[in-house]
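Observations on chain architecture
What follows is the residue order along each chain.
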Protein chains: 2
Amino acid sequence: MTATAIPGYDYGTAQVAHAPLSLADFELLKQAVMFGPDDERYLRMAGEVLADQIDDVLDLWYGFVGSHPHLLYYFTDGQGHAQNEYLAAVRRRFGQWILDTCRRPYDQVWLDYAYEIGLRHHRHKKNQTDHVQAVPHIHFRYMVAFMYPITATIKPFLAKKGHSPEEVEAMYQAWFKSVVMQVALWSAPYVASEDF
Amino acid sequence: MTATAIPGYDYGTAQVAHAPLSLADFELLKQAVMFGPDDERYLRMAGEVLADQIDDVLDLWYGFVGSHPHLLYYFTDGQGHAQNEYLAAVRRRFGQWILDTCRRPYDQVWLDYAYEIGLRHHRHKKNQTDHVQAVPHIHFRYMVAFMYPITATIKPFLAKKGHSPEEVEAMYQAWFKSVVMQVALWSAPYVASEDF
Ligand code: HEM
Ligand code: HEM
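Residues numbered from 1 in each chain as written. Chains lettered and ligands numbered in written order. Predicted model: local features only at pLDDT ≥ 70, side-chain atom pairs only at ≥ 80, totals over all residues. Heavy atoms only, no water.

**Quick word on the coordination of the iron atom of ligand 1**
Protein coordination of the iron atom of ligand 1 is limited to a single donor, A:His121 (NE2), which sits 2.1 Å from the metal. Here A:His121 shows up in helix α6 (residues 108-121). (Donors = N, O, S within 2.8 Å, 3.2 Å for Na, K, Ca; no water. Helix = DSSP H or I, 4+ residues; strand = E, 2+ residues; numbered from the N terminus.)

Written out as structure tokens, the structure is:
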């Protein structure tokens, strides 16, 4: 799976908006989630562990969304029709995001794409990437809420490659910190800039 | 420590604003964080475990905030002067919040006070409760970020009273879900109502 092969995955391209947060402020955000060099190291390890399990992780997460009509809703036209091409297109980028979370350096390019992902959940840019006619916006309370399933459900997958309980725990904590940090970044389009 | 003895702790009083989320929508939010009856049970257990450790937990959290100038900032006048009375007043309500998170039924009264806590972090109502002249607003990205320290640091305290690893883990997961859910609720004043 190469980056350019995924439709709409614009990481590092000129299409991507510029993050409103400076790298200096991002360093302060890292401190607030206690994110450090060890976490980077354990995310790399998690990347190795998860690389051949991406489809299983996505099956679980899509199963969770699909079994809750009020969540699946955001992939529908608002009249009860799920857009299967939309679900499939997002799924590929979601898989790439798992790898990016583990492997990418968290630099300006990454920060900009984090902002882009926020915009794509918000009415500002939802649906545009895949040219779909779905409901226009994802309600913010669910963006926060998903931190729980996205974090908690990853642990068993991290434990599947024979690492010690300490290593699994360290990978899990690094993942947890990164997800929290990313949802914090993704909130930018939802919040007035002086409040963000 | 009785509820009424804490200045500014207005739980269940007419001073508290009405939550913008209905109880029906709150049920859907619970589903999104996988929160169920077992979690309520384990939160009660956590309440027993934490009750005589509140000051130790708060020492840790206040130590974390106090050792980061960009976080302590929100308790200052913006010119580098921490408001010690403000810190102390909030600390008492923060301690009560730990107990409320574990013990209160998550009903309309609780939902309303969750909204109130959100307002008190936002420029809408920050500083008013304690009649202080501090910086006017807490930036939202840190509200999300704090989920990590507030969650991760609680686990050792949950393990201090001789419960089995399975019980400690179940208390920890219930706490994690509740914190995620509460930050989701607290985001209401920060986000336009149609986006929330
Ligand atoms: C922790 C929270 C969440 C994570 C980690 C997450 C992750 C992602 C990722 C990685 C993408 C693809 C980004 C890209 O285009 O490269 C995406 C898109 C999407 N997600 Fe989420 N998501 C979260 C919350 C939610 C929620 C709560 C919903 C609603 C059920 C949702 C529904 C969608 C939809 C509909 C898209 C496509 C947006 C578009 O039209 O471009 N996501 N998500
Ligand atoms: C998960 C995130 C957070 C939790 C669980 C939390 C918890 C609380 C609680 C329980 C209160 C007292 C509410 C009451 O009046 O009854 C409070 C108030 C306060 N918190 Fe937070 N907080 C969080 C994020 C933050 C952040 C990021 C800061 C900034 C460093 C902060 C600074 C304050 C301040 C300054 C007050 C007093 C607000 C006022 O003027 O009334 N909090 N917090």
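Structure shown, so let's carry the discussion forward.
**Details of helix α10 (residues 165-186) of chain B**
Helix length check: α10(B), at 22 residues, gives a terminal C-alpha distance of 31 Å against a target of 32 Å (1.5 Å per residue), a fit within 8%. Buried residues dominate α10(B), accounting for 18 of its 22 residues. (Expected span 1.5 Å × (residues − 1). Buried < 20%, exposed > 50% of the residue type's maximum accessible area, 1.4 Å probe, protein only.)

**Focus on the site of ligand 1**
Residues and elements named next belong to chain A. Taken together, 22 residues surround ligand 1, and among them Tyr86, Arg93, Tyr113, Arg120 and His121 come closest. One of the side-chain nitrogen or oxygen atoms of Tyr86 is found 2.5 Å away from an oxygen atom of ligand 1. Contact between ligand 1 and Arg120: an oxygen atom at 2.6 Å from a side-chain N or O atom of the residue. Elements with a contribution of two residues or more to the shell around ligand 1: α5 (84-103), α6, α7 (140-145), α8 (147-152) and α10 (165-186). Of the residues forming the shell around ligand 1, the biggest block, 5 residues, is contributed by α5. Counted by class, the shell around ligand 1 contains 17 nonpolar, 2 polar and 3 charged residues. (Near = heavy atom within 4 Å. Polar contact = N/O pair within 3.5 Å; in protein donor to acceptor, adjacent residues only side chain to side chain. Nonpolar A, V, L, I, M, F, W, Y, C, P; charged D, E, K, R; others polar.)

**As for the interface of chain B and chain A**
Contacts between chain B and chain A engage 43 residues on the former and 43 residues on the latter. Buried area between chain B and chain A, both sides added, is near 3600 Å², and the carbon and sulfur share of it is 65%. Interface area lost by chain B to chain A is led by B:Arg141, B:Tyr148 and B:Asp195, which between them contribute 21%. Taken together, chain B and chain A are joined by 2 salt bridges. In this structure, A:Asp195 engages B:Arg123 in a salt bridge whose closest nitrogen and oxygen atoms are separated by 2.8 Å. On the surface where chain B and chain A come into contact, there are 18 residue pairs in polar contact (both at pLDDT 80 or more). Among the elements of the structure, α1 (23-32), α4 (69-72), α7 (140-145), α8 (147-152) and α10 of chain B are those that each provide at least two residues to the side of chain B that touches chain A. Looking at which element gives the most residues to the side of chain B that touches chain A, the answer is α10(B), with 7 residues. (Contact = heavy atoms within 4.5 Å. Buried area = accessible area lost by both parts, 1.4 Å probe. Salt bridge = Lys/Arg side-chain N within 4 Å of Asp/Glu carboxyl O.)

**Side note on the relation of the copies chain B and chain A**
Note on the copies: chain B fits chain A at an RMSD of 0.0 Å, the axial shift is 0.0 Å, and the rotation between them is 180°. Taken together, the turn and the small shift mark the pair as related by a two-fold rotation axis. Among all residues of chain B, the minimum C-alpha distance to the rotation axis is found for B:Val191, at 2.6 Å. Taken as a fraction of all interface residues of chain B, those also at the interface in chain A reach 100%, which identifies the copy contact as same-surface. (Least-squares fit on C-alpha atoms with pLDDT ≥ 70 in both.)

**A look at the site of ligand 2**
Residue and element names in this part refer to chain B. Around ligand 2 lies a shell of 22 residues, among which Tyr86, Arg93, Tyr113, Arg120 and His121 are the nearest. Contact between ligand 2 and Asn127: an oxygen atom at 2.7 Å from a main-chain N or O atom of the residue. At the level of elements, α5 (84-103), α6 (108-121), α7, α8 and α10 are the ones that each hand at least two residues to the shell around ligand 2. Partitioning the shell around ligand 2 into residue classes produces 17 nonpolar, 2 polar and 3 charged.

The analysis is restricted to geometry; functional conclusions fall outside its scope.
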